[in-house]
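# Summary of structural features
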Amino acid sequence: MMTEVSVEVVQTSSLGDRSYLAHDGQVAIVVDPQRDIDRILALAGRLGVRITHVAETHLHNDYVSGGLALAKLTGAQYLVAADDEVGFNRRPVADGDEIGVSAAMRLRVVATPGHTFHHLSYVLDDIDEPVGVFTGGSLLFGTTGRTDLLGKQHAHTLAEHQHASARRLADLLPDGAQVWPTHGFGSFCSATQADAPESTIGRERTANPALRLETDDFVRETLAGLDAYPAYYAHMGARNTAGADLIDLTPIAAADPAELAARIEAGEWVVDLRSRKAFAHRHLTGTLSFGLDGPMSTWLGWMAPWGTPITLLGDSEQQVADAQRELARIGIDRPAAAATGGYEQWAGGDETRLAHLTTATFADLAAARASTPSHGLPEVGVLLDVRMSNEWRTNHIDGAVHIPLPDLPARLADVPPGTVWVHCGSGYRAAAATSLLQRAGRHVVHIDDAYTDAAGAGLPIVSGN
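As a starting point, this report considers the structure included with it. Quantities reported herein were computed from a predicted structural model and do not represent experimental measurements.

How each quantity is defined
Residues numbered from 1 in each chain as written. Predicted model: local features only at pLDDT ≥ 70, side-chain atom pairs only at ≥ 80, totals over all residues. Heavy atoms only, no water. Helix = DSSP H or I, 4+ residues; strand = E, 2+ residues; numbered from the N terminus. Buried < 20%, exposed > 50% of the residue type's maximum accessible area, 1.4 Å probe, protein only. Contact = heavy atoms within 4.5 Å. Areas by Shrake-Rupley, 256 points an atom, 1.4 Å probe, with all protein chains shown as cover. Lys, Arg positive; Asp, Glu negative; His and termini not counted. Charge placed at Lys NZ, Arg CZ, Asp CG, Glu CD. Core = buried A, V, L, I, M, F, W, Y, C linked by side-chain atoms within 4.5 Å. Pairing = 2+ DSSP bridges. Expected span 1.5 Å × (residues − 1). Phe/Tyr/Trp six-rings, centres within 6.5 Å; stacked < 30°, edge-to-face > 60°. Lys NZ or Arg CZ within 6 Å of the ring centre and 35° of its normal. Axes fitted to C-alpha atoms, helices over the stretch in contact; angles between N-to-C directions. Parallel < 35°, antiparallel > 145°, perpendicular 65-115°, else oblique. Left-handed = near helix turned anticlockwise from the far one by under 90°. Nonpolar A, V, L, I, M, F, W, Y, C, P; charged D, E, K, R; others polar.

Across its full length, the protein chain holds 15 helices and 24 strands. Counting only C-alpha atoms, the protein chain reaches 75 × 50 × 40 Å along its principal axes. In the protein chain, buried positions account for 55% of the 465 residues. The contacts in the protein chain between residues at least 6 apart in sequence include a share of 68% that link residues at least 24 apart. Counting only carbon and sulfur atoms, one obtains 50% of the accessible surface of the protein chain, whose full area is about 18,300 Å². For the protein chain, the distance from the average site of its 35 positive side-chain charges to the average site of its 57 negative ones is 2 Å.

Shown next, in the form of structure tokens:
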């Protein structure tokens with residue numbers, strides 16, 4: 001009797017990644033697990049399956065892998081590319097290898113260099129029929145993994161490899177085979193962003209530039225689309241090469257108002273996890289807005305100096321615990337301290353330690369530029385656009401100054417004098433930027449509005465640099 005193979009998706013939306021658990025009802029394969037493997041173990045427990053194999057498509061650059069810890073804990077075989085030199089025991093696998101997982105499941109290893117030099121994909125067979133392929137950072141939904149993470153000097157060569165690898169998978173598999181990528185759902189490991197929740201080889205034949213364009217055109221388009229990627233990526237590859245231990249998610253030490261004041265006075269990163277609207281209404285002076293309702297770990301991990309003490313402020317213990325989990329995924333294992341409750345408690349009842357942020361819309365900006373500011377808003381000294389470079393080049397508001405958000409901590413002195421009106425694409429990044437500027441003593445206005453509304457508000461839009 002044939003056993004049906006099922007594939008479960010474990011999403012990490014904050015990093016734009018997916019892990020997978022494939023099983024036949026008895027045993028399971030896990031592909032590209034995140035650091036917090038308790039999610040995987042809980043899923044396997046609910047399904048009543050035993051994890052016998054853990055597979056890595058590549059040594060990841062955007063998160064610390066939980067693969068080694070999961071393999072050790074479950075006794076599973078740990079499949080890692082033979083060509084990757086690592087500091088731990090694994091089962092080395094290479095192109096053409098076949099791994100019989102059970103009577104119902106088999107993995108076939110396919111070399112798919114491009115995202116990295118030694119990148120692998122794993123074709124999942126149900127008996128003798130291919131069900132789909134775990135593509136890691138190779139063939140994504142409507143795009144491919146970026147090719148510059150190992151250095152710009154390799155980007156062109158790896159882009160050529162990426163094109164050939166995508167073609168190889170398309171030639172190897174039928175149109176109905178599922179495509180299961182790790183990256184591409186908001187991850188900076190993706191060359192562009194995914195445009196679908198699922199896909200097949202057949203769909204990718206019509207939607208993916210790697211399968212529509214010839215090599216030279218694909219390489220040119222891929223390299224032209226690459227923008228900056230998070231600074232913390234520089235630490236992920238080394239951590240994964242060495243192998244990461246079990247994650248420690250025990251509660252963080254609690255900080256009282258005096259300790260919070262001392263950490264702020266010392267210039268440490270004291271992070272408010274509440275929504276940006278709550279932060280704007282009232283917050284502890286000197287704290288920074290990185291709401292947990294957005295990609296907190298990506299931007300905070302990118303901007304905070306690596307190794308700097310980070311203190312988390314949250315509405316509840318659960319909010320702090322969720323943030324701790326997200327930060328651990330990118331190697332920030334133990335925040336220095338935490339506090340919960342609300343701004344009154346954090347300030348110790350001292351109103352003088354509290355501040356607010358002035359907020360506005362693009363319509364308010366247009367009115368202020370026309371010298372008819374509404375709602376008592378200040379004049380516009382400088383309009384600061386903190387979106388990424390590709391967004392800026394596509395189009396921007398005429399007269400704006402551009403400093404990408406990740407560059408702002410080191411370029412605060414480059415912001416011209418006067419009241420700084422700050423915008424991004426939707427408001428999240430602008431909140432982080434205004435809190436940084438406010439901490440530095442600048443008078444700021446947070447434009448908490450969708451950039452797509454700027455033109456409709458009468459603001460002149462231009463393109464290019």
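This part is about the nonpolar core. Of all hydrophobic cores here, the largest spans 51 residues; its most connected members are Trp 269, Phe 290, Met 296, Leu 300, Leu 312 and Leu 384. The biggest single contributor to this core is helix α15 (residues 428–439), with six residues. Ranked by size, the runner-up nonpolar core spans 21 residues in total, among them Leu 43, Ala 44, Leu 59 and Ala 69.

This part takes up the pairing of strand β1 (residues 6–12). As paired elements, β1 and strand β2 (residues 17–23) share seven bridges and run antiparallel to each other. In the sheet register, Thr 12 faces β2, and the bridge partner there is Asp 17. Counting the residues that bridge the hairpin from β1 to β2 gives four residues, and of these Gly 16 lies at a positive phi of roughly 75°.

A word on the pairing of β2. As a general feature of sheets, a regular strand has side chains that alternate between the two faces. Here β2 lies mainly inside the structure; seven of its seven residues are buried. With four bridges connecting them, β2 and strand β3 (residues 27–31) associate as antiparallel partners. By the bridge assignment, Tyr 20 is partnered in β3 with Val 31. Connecting the antiparallel pair β2 and β3 is a turn made up of three residues, with Gly 25 showing a positive phi of about 95°.

The next thing to look at is α15. Under the 1.5 Å per step criterion, the end-to-end length of α15 is 17 Å for 12 residues, consistent within 8% with the ideal 16 Å. With respect to burial, α15 is a largely interior element, 10 of its 12 residues being buried. Within the sequence span of α15, burial applies to Tyr 428, Arg 429, Ala 430, Ala 431, Ala 432, Ala 433, Thr 434, Ser 435, Leu 436 and Leu 437. Backbone geometry just after α15 places Gly 441 at a positive phi near 95°.

Here the structure, examined in full by the defined rule, presents nine aromatic pairs. Of the aromatic side chains, those joined through ring pairs into one cluster are Tyr 20, Phe 134 and Trp 180. One cation-aromatic arrangement involves Arg 18 over Phe 185; the distance from NZ or CZ to the ring centre is 4.1 Å. Above the plane of the ring of Tyr 451 lies Arg 387, whose end atom (NZ or CZ) is 4.0 Å from the centre.

The subject of this paragraph is the sheet that holds strand β14 (residues 288–289). One open sheet accounts for four strands, arranged β14-β12-β15-β16; its pairing is parallel. Because the sheet does not close on itself, it has two edges, and the strands there are β14 and β16 (337–340). Direction of pairing for strand β12 (residues 269–272) relative to β14: parallel, over a ladder of two bridges. Across the sheet, residue Asp 272 finds its bridge partner in β14, namely Ser 289. Here helix α11 (residues 317–329) sits on the sheet in contact with β15 (310–314) and β16, set at roughly 145° to β15.

One key point about sheets: their strands pair by backbone hydrogen bonds, in either a parallel or an antiparallel sense. Across the sheet, six strands lie side by side as β1-β2-β3-β4-β5-β6; this open sheet has mixed pairing. Because the sheet does not close on itself, it has two edges, and the strands there are β1 and β6 (91–93). Strand after strand, the sheet turns through a mean of 25° between neighbouring axes, direction not considered. In the sheet, strand β4 (residues 50–55) pairs with strand β5 (residues 77–81) via three bridges, with the strands oriented parallel.

Now for unusual backbone geometry. Here the phi dihedral of Asp 32 falls at roughly 50°; this positive angle occurs in a residue that is not glycine. For Asp 32, the position within the fold is in the loop between β3 and α1 (38–47). Classification of Asp 32 as buried rests on a relative accessible area of 0%.

One way to put it is that helix α3 (residues 152–172) packs onto helix α6 (residues 215–225) with a least axis distance of 9 Å and a crossing angle of 125°. Between α3 and α6, the crossing angle belongs to the class labelled oblique. Taken as a pair, α3 and α6 cross one another with a handedness that is right-handed. Judged by residue contacts, Ala 155, His 156, Ala 159, Glu 160, Gln 162 and His 163 of α3 engage Thr 215, Phe 218, Val 219 and Leu 223 from α6. Residues that form the contact of α3 with α6 fall into these classes: five nonpolar, four polar and one charged.

The quantities given are spatial measurements derived from coordinates; they are silent on function.
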